[in-house]
Amino acid sequence: MTIIDDRAELLGLAILKKGAHPNPENGVCLLEAVAWISGEPHTDRPECACPVLGSFGRALNDVLPDDKRQQLVPLAPLIVGTANDGHAQERGLMAADWLIRTYTPTWLRLAGLEEAAVSLETLPRRASWDDVEAAVPVVQAAREKARAAGDAAGAAAGAAAGDAAGAAAWDAAGAAAGAAAGAARDAARDAAGAAAWDAAGAAAGAAAGAARYAAWAAAGAALQPTVDALQDSAIDLLRQMCTLGEEAAR
């Protein structure tokens, strides 16, 4: 699948929007833009895209605010032609690794859970689904520490105030985590079936839970800088996923 040159030139004028759309005239998300520049029929599941990039790209498109979503526009041409490039599993492992060793520790540290944050950051890079499975107990332990901290913070703040602040923090922490978790699970399912799916699901679920409980515990802190930094990190992760194999091809 190749890129249609005149459409690629017009891509810079595109304004990416949240969700799927009935036709390009109503707007496009990242993956619909990929379909458009490659000449495929209008869809948010273009055949030319790696399924892992599709899963992560669709979810990230929808959780980013309008201004940051436009940073995804230059990635559309990079996604074209990745469907069978042999890097789907590596991309899924990158998503799982980012969720475990970058995303979750950031929230743990914001909640003052330094030891739990370091326990995840110092895990080896996830190079296989067996590595992901081996990390599950460490991630689950971090989740329980975050849960306890969240419960304590809620009790200290009082029921109503704690619930309101905690709910907002919970939502903030869960958004990008869901995008990465979905990409990791999709890749695991394609890689090794049920066993890898279970490992990815357990690790992703525990990591997302730890991040959310930690955010709840830190609800009194200024959350937006952390949210902004992790959104930028997620965009960079997608960019790295898109460019896998480029060095070898040169």
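Owing to the predicted nature of the structure, the values given are computational and were not obtained by experimental measurement. (Residues numbered from 1 in each chain as written. Predicted model: local features only at pLDDT ≥ 70, side-chain atom pairs only at ≥ 80, totals over all residues. Heavy atoms only, no water.)

Concerning the packing of helix α6 (residues 88-110) against helix α7 (residues 114-121)
In step 1: Packing of α6 against α7 brings their axes to within 8 Å, and their N-to-C directions diverge by 175°. In terms of their interaxial angle, α6 and α7 are classed as roughly antiparallel. Every residue of α7 that contacts α6 at Ile100, Arg101, Thr104, Pro105, Leu108 and Arg109 is listed here: Glu114, Ala116, Ala117, Val118, Leu120 and Glu121.
In step 2: Looking at side-chain class alone, the contact of α6 with α7 contains 7 nonpolar, 1 polar and 4 charged residues. (Axes fitted to C-alpha atoms, helices over the stretch in contact; angles between N-to-C directions. Helix = DSSP H or I, 4+ residues; strand = E, 2+ residues; numbered from the N terminus. Parallel < 35°, antiparallel > 145°, perpendicular 65-115°, else oblique. Contact = heavy atoms within 4.5 Å. Nonpolar A, V, L, I, M, F, W, Y, C, P; charged D, E, K, R; others polar.)

Some details on the confidence of the model for the protein chain
In step 1: Mean pLDDT for the protein chain: 80, with 77% of residues reaching 70 or above.
In step 2: Low confidence marks residues 158-162, where pLDDT is under 50. Its contacts with residues over four positions away, or in another chain, come to 5 contacts. (pLDDT = per-residue confidence, 0-100.)

A few points about the nonpolar core
In step 1: Membership of the largest hydrophobic core comes to 68 residues, with the highest contact counts inside it found for Phe56, Leu72, Trp107, Leu108 and Leu238.
In step 2: A total of 10 residues in this core trace back to one element, the largest contributor, which is α6.
In step 3: Among residues more than four places away in sequence, those in contact with Leu238 are Leu30, Leu53, Phe56, Gly57, Leu60, Leu72 and Leu75. (Core = buried A, V, L, I, M, F, W, Y, C linked by side-chain atoms within 4.5 Å. Buried < 20%, exposed > 50% of the residue type's maximum accessible area, 1.4 Å probe, protein only.)

Looking at the environment of Gly92
In step 1: Relative to the elements of secondary structure, Gly92 occurs in helix α6.
In step 2: Sequence spacing of Gly92 and Arg126 is 34 residues, and the spatial spacing of their C-alpha atoms is 10.0 Å.

Regarding the packing of α6 against helix α11 (residues 224-242)
Axes are the key here: two packed helices are described by the angle between their axes and the distance separating the axes.
In step 1: Where α6 meets α11, the axes come as close as 11 Å, and the angle between the chain directions of the two elements is 165°. Compared by their axis directions, α6 and α11 come out roughly antiparallel. For the pair α6 and α11, the sense of crossing is right-handed. Facing Arg91, Met94, Ala95, Trp98, Thr102, Tyr103, Thr106, Trp107 and Leu110 of α6, the residues of α11 in contact are Thr226, Val227, Leu230, Ser233, Ala234, Leu237, Gln240, Met241 and Cys242.
In step 2: Tallied by class, the residues present in the contact of α6 with α11 amount to 12 nonpolar, 5 polar and 1 charged. (Left-handed = near helix turned anticlockwise from the far one by under 90°.)

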